[in-house]
Amino acid sequence: MPRLSFGSWVEDAVDWLQSNLTWIFDFIKTVLGGMYDGVNAVLSGGDALLMAGIFAVVAFWLRGVIPAVLTFVGFALIDSLALWDEAMATLSLVVVAAVITIVIAVPTGIWAARNNRVGAALRPVLDVMQTMPAFVYLIPGVMFFGVGVTPGVIATIVFAMPPGVRMTELGIRQVDSELVEAAEAFGTTPKHTLTRVQLPLALPTIMAGINQVIMLALSMVVIGGMAGAGGLGEKVYAAITQLQVGLAAESGIAVVILAMYLDRMTGALNERVSPLGRRAAAKVAAGARRLKFTHYKPGTAVAMTGVVVLALVAGGLNIAGSSDSKAAQADASDVGKGQKINMGYIPWDEGIASTFLWKEILEQRGYETGITQLDAGPLYSGVARGDIDFQTDSWLPTTHKDYWDKYSDQLDDLGSWYGPTSLELTVPSYVKGIDSLEDLKGQGKKFDGKIIGIEASAGMMGTLNKKVLKEYGLEGEYEVVSSSTSSMLAELNASIKKKEPVVVTLWSPHWAYGKHDLKKLKDPKGAWGKGEEVHTVAHKGFAKKAPAVAEWLKDFELTEDQLTGLENEIQNAGQGKEQDGVRAWLKKNPGLVDKLAPVPGGAGGSQQGKDAGKTVNMGYFPWDEAIASTYLWQNMLEDRGYRTTVKQLDPGPLYTGLAQGQLDVQFDSWLPTTHKDYWDRYEDDLTDLGSWYGPTSLELTVPSYVKGIDSLEDLKGQGKKFDGKIIGIESSAGMMGTLNKKVLKEYGLEGEYEVVSSSTSSMLAELNRSIKKKEPVVVTLWSPHWAYGKHDLKKLKDPKGAWGEGEQIHTVAKKDFAKDFPELTGWLKDFELSEAQLASLEVELQKGGAGKEKESARRWMDANPDVVAELTPVS
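### Observations concerning the overall build of the chain
Step number 1: Along the chain, the regular secondary structure elements total 36 helices and 20 strands.
Step number 2: The contacts of the chain with a sequence gap of at least 6 include a subset with a gap of at least 24, amounting to 80%.
Step number 3: Carbon and sulfur atoms form 56% of the exposed surface of the chain, whose accessible area is close to 40100 Å².

Set out below in structure tokens:
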């Protein structure tokens, strides 16, 4: 039989859908996410015991006193297990998925019951939906919607749909046909026959179907934890992958309590909504002779009053609590200001350790954090889509090569924080004669022909299967057993206890080498490749979303001793207490948080300068680099305890003010050309503190759509095209003098062109207007300037060198500046900004807009947290 490429067809269809229907998936994700957030806000918004009381009142209304008491005890147990938030998240997922499923399933079942063709067509579809392995539904969910709530809800709806449709159809078909015929004989319309005869009699069966929908939804929501759906599913998944028996038991009990509550309540709801159910309940209550109070159920009005009262109390406490927390947050050093940062991790020890370390650090810095455990595939997919902001456990270039190759266009590598690592096969030291990979050949029976591996998705598993086994001739003799990291470690531990031979995949660093006496099998042929680096990887837009965090992560490093110590503290803290382990480790490493996440204006930036309290009078003219550098220094000096004033002036008055001592310093002297006249005039009364940026360039510039004008020579004879005008800037600017006295003369443009003196802002406005209309225009401009980033422009070549050589931007101060400000003089002499730094600073000021220059410069400093300590060091 020829190979049927069904799988490739499915992949092609998925690729097409991802390329062409993204807007639909984004809309669905927004709607479902909004529904979940709303339900979760209600369920998790109040105090746990008050919410448990509300659930108990509902149980009292539906089933009586004893179920109400058991309900309260069960939910109180969930709270005591510290799983309340996870349980409410799971319940929210179930509610959203079940409601949507029921809304679709019940009408579909009615349609199938009343139309045989529809019923026949639906049957095989429902068979596929019901028998397809539940895990399969997660794959398209993750691919179309990313990791998180939405794929879990979508997969749950599909999985839970069949019983709702089938039971609705069955219930209506089972209604006695004679009753239906009698209704029709009395002239009942088909609509009323359905609503007044069939549905009331079929309601017990339909309610049984709804009960099954909810139960299947709960089971699937737990599986959805593998796709980052959160809640108890994530806890159960973490317990499975990390082999945490205690966490598995606790999470399992919470799931059981939820399942029992939902099952009993939906079953009892039938007694309230169905005539047959109410009749049966009345018979039971009438037949009770002893403990009649246990059968008492309050009326709907009484139960509703109890729920409303408890809800109001819970809501009031929640509002008061959030006010307190906001007040507390306002008093703290708050870099994040509550911004949400989502992290993901693979359940590898260094991934767990580094992720929970950053969770603690970010929370100390005022961020709100979310953590999701995932397999490598969904994790990389989630980061690429932006559902997860970053993850700290990318082993490159080998282990995670496939994921990096697939998603590299959507990811940012923030650098390596640990390395080099090593991959290896390992045996216990009591296994004699096996010291190298070469020694494994012919010894398959000793190890039962098995090499115990980890997750099949791990890159090292691919390297082992495709390269290592082949290189050492082990194919056929050994089977690589894919499991999970925790299962591999459990098998290693069990074998060591029995002193049985075992060979496992392992890597360095790993705490197992400290716990057990193990041998790394030598790799003389280098099949494993060179050691790797552990990288932090974020989605493309993360640096814009959280610039300070991105900078911290770029500088993040841990030594082997630090990482090992952190992993051991987390192991000692035990399951579910990873952050407690991190806190214990940080106590033993004081100052590390400030080193890894320096607070802008802190960690060296909050120290007072030697001349703190002195007032520095700064001036600038409205050129972008002058505005940027001036407001940068205003912020930095105020961080150092100086007082500042800032004045905007034209170059002439500015240099005059400096020479007379009315101003102390300015940061935008273009020398030796642009400001030559001012320097020559006031040189004896000024101090040059050195260049902080350069070389620059002056130029005439045209939009790129102006064809045939690439050089100053090309302007000759083309005056009519530009209406005989060159749009200039302030007439007092040195470049305007150079243009009029030298450039025009050198290229024979005098008489043909008039240089229009205006202002920098007017020149830019004319440039912008001309570009919008696609009209020819030639303007004075200089480099660096943000206009080159905003517009597609051409710098006109200057083959005769009329503009002169590139200049340097200097800091110029009054004559006695060094005497009055010795500390600041040292800082300014060492002051430098790179082209990238200056450009990003100017862009930040452009975004902030006029009047907010100081705040914009502060935002740039927040994104460059070391700048204060580097530019204004305090000994």
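### Some points on unusual backbone geometry
Step number 1: The omega torsion of the bond from Gly419 to Pro420 falls at 0 degrees, within 30 degrees of zero and hence cis.
Step number 2: With respect to the helices, strands and loops of the structure, Pro420 is situated in the loop between strand E4 (411-418) and strand E5 (422-428).
Step number 3: In this structure, Lys499 is a non-glycine residue whose phi angle is positive, near 55 degrees.
Step number 4: For Lys499, the location among the structural elements is in the loop between helix H19 (485-498) and strand E8 (504-508).

### Some points on the packing of aromatic side chains
Step number 1: Taken as a whole and judged by the stated rule, the model has 25 aromatic pairs.
Step number 2: With a centroid separation of 5.9 Å and an interplanar angle of 85 degrees, the aromatic rings of Trp348 and Trp395 are classed as edge-to-face. Of this pair, Trp348 sits in the loop between strand E1 (340-345) and helix H15 (349-364) while Trp395 sits in strand E3 (residues 390-396), and the two are 47 residues apart along the sequence. Summarising the burial analysis for this pair, Trp348 and Trp395 share the class buried.
Step number 3: Here Tyr380 and Tyr403 contribute two aromatic rings whose centre-to-centre distance is 5.1 Å and whose plane-to-plane angle is 15 degrees, an arrangement assigned as stacked. Placement of Tyr380 in helix H16 (residues 376-385) and of Tyr403 in helix H17 (residues 401-407) is noted, with a sequence separation of 23 residues between them. Here Tyr380 matches Tyr403 in class, with each residue buried.
Step number 4: Feature note: the residues Trp633, Phe667, Trp692, Tyr693 and Phe831 constitute an aromatic cluster, connected by ring pairs.
Step number 5: Residue placement shows Lys520 over the ring face of Tyr513; its charged tip is 4.9 Å from the ring centre.
Step number 6: Just above the ring of Tyr472 sits the side chain of Lys525; from NZ or CZ to the centre is 5.0 Å.

### What to know about the pairing of E8
Step number 1: Most of E8 is tucked away: five of the five residues are buried.
Step number 2: Side chains Val504, Leu506 and Ser508 of E8 all project onto a buried face; the interleaved residues Thr505 and Trp507 project onto the opposite face, where all are buried too.
Step number 3: Relative to E8, E5 is paired through five bridges, and the arrangement is antiparallel. Pairing of Leu423 across the sheet is with Trp507, part of E8.

### What to know about the side chain of Thr205
Step number 1: If you trace the backbone, Thr205 turns up in helix H10 (residues 190-223).
Step number 2: On the basis of relative accessible area, Thr205 is assigned to the buried category, the value being 18%.
Step number 3: Every residue in contact with Thr205, bar those within four places of it in the chain, is listed here: Met167, Leu170, Gly171 and Gln174.

### Overview of helix H26 (residues 624-639)
Step number 1: Relative to the 22 Å expected for 16 residues at 1.5 Å per residue, H26 spans 23 Å between its end C-alpha atoms, a close match to the ideal helical length.
Step number 2: Counting buried residues along H26, 15 of its 16 residues qualify, which places the element largely inside the surrounding structure.
Step number 3: Trailing H26 by a residue or two, Gly641 shows a phi angle of about 95 degrees, which is positive.

### Observations concerning the environment of Ala458
Step number 1: Summarising the element assignment, Ala458 is placed in the loop between strand E6 (450-452) and helix H18 (459-471).
Step number 2: With a relative accessible area of 4%, Ala458 lands in the buried category.
Step number 3: As for Ala458 and Asp375, which are separated by 83 residues in sequence, their C-alpha atoms are 8.7 Å apart.
Step number 4: The contact partners of Ala458, leaving out residues within four places of it in the chain, are Trp348 and Thr399.

### Some points on the nonpolar core
Step number 1: Leu357, Trp358, Phe390 and Phe542 are the most contacted members of the largest nonpolar core, which totals 88 residues.
Step number 2: What Leu357 contacts, discounting residues up to four positions off in sequence, is Phe556, Leu558, Leu566, Val582, Trp585, Leu586 and Leu596.
Step number 3: Listed in part, the 84 residues of the second largest apolar core include Val777, Val812, Trp827 and Leu838.

### Observations concerning the environment of Glu625
Step number 1: Tracing the chain through its elements places Glu625 in helix H26.
Step number 2: Sequence separation between Glu625 and His785 is 160 residues; the distance between their C-alpha atoms is 8.0 Å.

### Observations concerning the side chain of Thr150
Step number 1: The residue Thr150 is located in helix H8 (residues 149-173) in this model.
Step number 2: Classification of Thr150 as buried rests on a relative accessible area of 4%.
Step number 3: Ignoring anything within four residues of it in the chain, the contact list for Thr150 reads Lys29, Leu32, Gly33 and Phe145.

### Some thoughts on the pattern of salt bridges
Step number 1: Scanning the model with the defined rule gives 26 salt bridges in all.
Step number 2: We note a salt bridge from Arg583 to Glu360, for which the minimum N-O separation is 2.9 Å. With Arg583 in helix H24 (residues 578-588) and Glu360 in helix H15, this pair connects stretches of sequence that are 223 residues apart.
Step number 3: Residue Arg583 is classed as partly exposed on the basis of its relative accessible area of 37%.
Step number 4: Bridged by salt links that share partners, the residues Lys29, Arg385 and Asp387 form one connected network.

### Section: helix H35 (residues 853-863)
Helical geometry: 3.6 residues make up each α-helical turn, so side chains three or four residues apart lie on a common side.
Step number 1: All of the buried residues in H35 are Glu853, Ser856, Ala857, Trp860, Met861 and Ala863. All buried residues of H35 fall inside an arc of 160 degrees around its axis, so they share one side.
Step number 2: Residues of H35 that are buried make contact with helix H22 (547-554), H26, helix H34 (835-848) and helix H36 (867-871).

### Let's talk about the environment of Met215
Step number 1: Relative to the helices and strands, Met215 is located in helix H10.
Step number 2: Along the chain, Met215 and Ala160 lie 55 residues apart, while their C-alpha atoms are 8.3 Å from each other.
Step number 3: Beyond its immediate sequence surroundings of up to four residues, Met215 is in contact with Ala259, Leu262 and Asp263.

### Topic: the packing of H26 against H35
Step number 1: In contact at an axis separation of 9 Å, H26 and H35 are set at 75 degrees when each is read in the N-to-C sense. Between H26 and H35, the interaxial angle falls into the category roughly perpendicular. Touching Ile627, Tyr631, Leu632, Gln634, Asn635, Met636, Glu638 and Asp639 of H26 are Glu853, Lys854, Ala857, Arg858, Trp860 and Met861, all from H35.
Step number 2: Its residues assigned to classes, the contact of H26 with H35 comprises seven nonpolar, two polar and five charged.

### Description of a nonpolar patch on the surface
Step number 1: There is a patch of nonpolar side chains on the surface, built from Val95, Val99, Val103 and Ile104 and spanning about 310 Å² of accessible area.
Step number 2: Turning to its location among the elements, Val103 is positioned in helix H5 (residues 84-114).

### Some thoughts on the confidence of the model for the chain
Step number 1: Per-residue confidence for the chain averages 85 on the pLDDT scale, and 90% of its residues sit at or above 70.
Step number 2: Across residues 321-333 the pLDDT falls below 50, and counting only partners more than four positions away or on other chains, this stretch makes seven contacts in the model.
Step number 3: Considering only residues more than four positions removed or in separate chains, one finds that residues 601-605, a stretch of pLDDT under 50, has nine contacts.

### Quick notes on a negative patch on the surface
Step number 1: Together, Asp176, Glu178, Glu181 and Glu184 make up a negatively charged patch on the protein surface.
Step number 2: Within the secondary structure layout, Glu178 lies in helix H9 (residues 177-185).

### Quick look at the pairing of E5
Each regular strand carries side chains that alternate between the two faces of the sheet.
Step number 1: Most of E5 is tucked away, with six of its seven residues classed as buried.
Step number 2: Where E5 and strand E9 (residues 518-520) come together, three bridges link them in antiparallel fashion. Following the sheet pairing, Pro428 is matched in E9 by Leu518.

### Some thoughts on the packing of helix H6 (residues 116-131) against H8
The packing of two helices is summarised by the inter-axis angle and the distance between the axes.
Step number 1: Across the interface, H6 lies against H8 with an axial gap of 9 Å and an inter-helix angle of 145 degrees. The chirality of how H6 crosses H8 is left-handed. Contacts between H6 and H8 involve Asn116, Gly119, Leu122, Arg123, Leu126, Asp127, Met129 and Gln130 from the former and Val158, Phe159, Met161, Pro162, Pro163, Val165, Arg166, Glu169 and Arg173 from the latter.
Step number 2: By residue class, the composition of the contact of H6 with H8 is nine nonpolar, three polar and five charged.

Analysis parameters
Residues numbered from 1 in each chain as written. Predicted model: local features only at pLDDT ≥ 70, side-chain atom pairs only at ≥ 80, totals over all residues. Heavy atoms only, no water. Helix = DSSP H or I, 4+ residues; strand = E, 2+ residues; numbered from the N terminus. Contact = heavy atoms within 4.5 Å. Areas by Shrake-Rupley, 256 points an atom, 1.4 Å probe, with all protein chains shown as cover. Phe/Tyr/Trp six-rings, centres within 6.5 Å; stacked < 30°, edge-to-face > 60°. Buried < 20%, exposed > 50% of the residue type's maximum accessible area, 1.4 Å probe, protein only. Lys NZ or Arg CZ within 6 Å of the ring centre and 35° of its normal. Pairing = 2+ DSSP bridges. Expected span 1.5 Å × (residues − 1). Core = buried A, V, L, I, M, F, W, Y, C linked by side-chain atoms within 4.5 Å. Salt bridge = Lys/Arg side-chain N within 4 Å of Asp/Glu carboxyl O. Arc of directions from axis to C-beta. Axes fitted to C-alpha atoms, helices over the stretch in contact; angles between N-to-C directions. Parallel < 35°, antiparallel > 145°, perpendicular 65-115°, else oblique. Nonpolar A, V, L, I, M, F, W, Y, C, P; charged D, E, K, R; others polar. Patch = residues over 30% accessible without salt bridge, like charges linked within 9 Å, V, L, I, M, F, W, Y side chains within 5 Å. pLDDT = per-residue confidence, 0-100. Lys, Arg positive; Asp, Glu negative; His and termini not counted. Charge placed at Lys NZ, Arg CZ, Asp CG, Glu CD. Left-handed = near helix turned anticlockwise from the far one by under 90°.

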